[in-house]
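Here is what each chain is made of, one letter per residue.
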Amino acid sequence: MKISHLLSRSCFLVLFLLCCVLAQAQETSITVRARAKDAKFIGSSMGGARILIKNAETGKILAEGVTEGDTGNTEKIMKQAHERYQGLSDNNTAGFTAILELKKPVFVTVEAHGPLNSKQAAVTSSTQLWLFPGKDITGDGLVLELPGFAVNILSHQTHETVVAEKHVEIKANIVMMCGCPVTEEGLWDANQYEIKAIISRGPNQLQEISLESAEKPSTFTATTRLDPGNYDIMVYAFDPVSGNSGLDTTNVIVK
């Protein structure tokens, strides 16, 4: 009887300890990176991309942060042929690493929103996956692609007044989402892209004119004449090969 009782207690203790071990959370690491479509990683030079890791079932945020670091090695990312499983990042490449305490597998939604220093260009990309306790996702990690161009109109300033007899100069800065420069015959070749300004007055589109490369990298200009009135000016960039697109707007008063 005593032996049976001791065996029962021993089994109970073993089961109890086993349950305790199984219930303990395990550190689980996941690295998330945001990469500009047809370009490099989005890092500190563009304010990074905000990363959210959420429980897909409950919506609870498990981790959040901003990608930090540089845009990566241009030669490796943009010029060299890539083999399967070949990493594109290094220790300095922009990313965000979260350390989660997981007791059981969890299905998560991971979002990247950026670039944070170019609000008019920022977009969101997301995906979903299972995370398992103690199963780290490292190296390049989970890479989310953010398409587009970062377009920033430099001239004319919003609500600026222009004399009708003078030329209206339209000037814009256009870079890839990672901040990489757009130049004629460069790696990101301005000659491949359609860069234009759409000028409207009220509901009516009046002109669509092409912007040309200026001497300064990533800068594009055009001039036109406008009659007195209030105008909306949109500058857009479009790549017919990759499908990347971007746009910025301003308003001009001509008197």
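Rules used in this analysis
- Residues numbered from 1 in each chain as written.
- Predicted model: local features only at pLDDT ≥ 70, side-chain atom pairs only at ≥ 80, totals over all residues.
- Heavy atoms only, no water.
- Helix = DSSP H or I, 4+ residues; strand = E, 2+ residues; numbered from the N terminus.
- Rg over C-alpha atoms; globule rule 2.2 N^0.38 Å.
- Buried < 20%, exposed > 50% of the residue type's maximum accessible area, 1.4 Å probe, protein only.
- Areas by Shrake-Rupley, 256 points an atom, 1.4 Å probe, with all protein chains shown as cover.
- Lys, Arg positive; Asp, Glu negative; His and termini not counted.
- Charge placed at Lys NZ, Arg CZ, Asp CG, Glu CD.
- Pairing = 2+ DSSP bridges.
- Axes fitted to C-alpha atoms, helices over the stretch in contact; angles between N-to-C directions.

Notes on the overall build of the chain
And step 1. The secondary structure content of the chain amounts to two helices and 16 strands.
And step 2. Computed over the C-alpha atoms, the radius of gyration of the chain is 26 Å, more than 25% above the 18 Å expected from 2.2 N^0.38 for a compact globule of 255 residues.
And step 3. Structurally, the chain occupies a C-alpha span of about 110 × 40 × 25 Å along its principal axes.
And step 4. Taking all 255 residues of the chain together, 40% fall into the buried category.
And step 5. Summed over its atoms, the accessible surface of the chain is roughly 14,400 Å², and 51% of this surface lies on carbon and sulfur atoms.
And step 6. Computed over 23 positive and 28 negative side-chain charges, the inter-centroid distance for the chain is 11 Å.

Some remarks on the sheet that holds strand S2 (residues 50–55)
And step 1. The strand order S3-S2-S5-S6 describes an open sheet built from four strands, whose pairing is antiparallel. Whereas interior strands pair on both sides, the edge strands pair on one side only; in this sheet they are strand S3 (61–66) and strand S6 (123–131). Each adjacent strand pair in this sheet contributes to an overall mean axis angle of 15°, direction not counted.
And step 2. Across six bridges, the pairing between S2 and strand S5 (residues 106–114) is antiparallel.

Quick word on the sheet that holds strand S8 (residues 149–155)
In sheet architecture, strand pairing relies on hydrogen bonds along the backbone and comes in two forms, parallel and antiparallel.
And step 1. Reading across from one edge, S8-S10-S14-S13 is the order of the four strands in this open sheet, with antiparallel pairing throughout. Only two strands of the sheet have a single partner each, and these edge strands are S8 and strand S13 (212–213).
And step 2. Note that strand S10 (residues 168–176) and strand S14 (residues 219–224) share six bridges and pair antiparallel. What sits directly across from alanine 172, in S14, is phenylalanine 220.

From the geometry alone we can't say anything about function, so treat these as descriptive.
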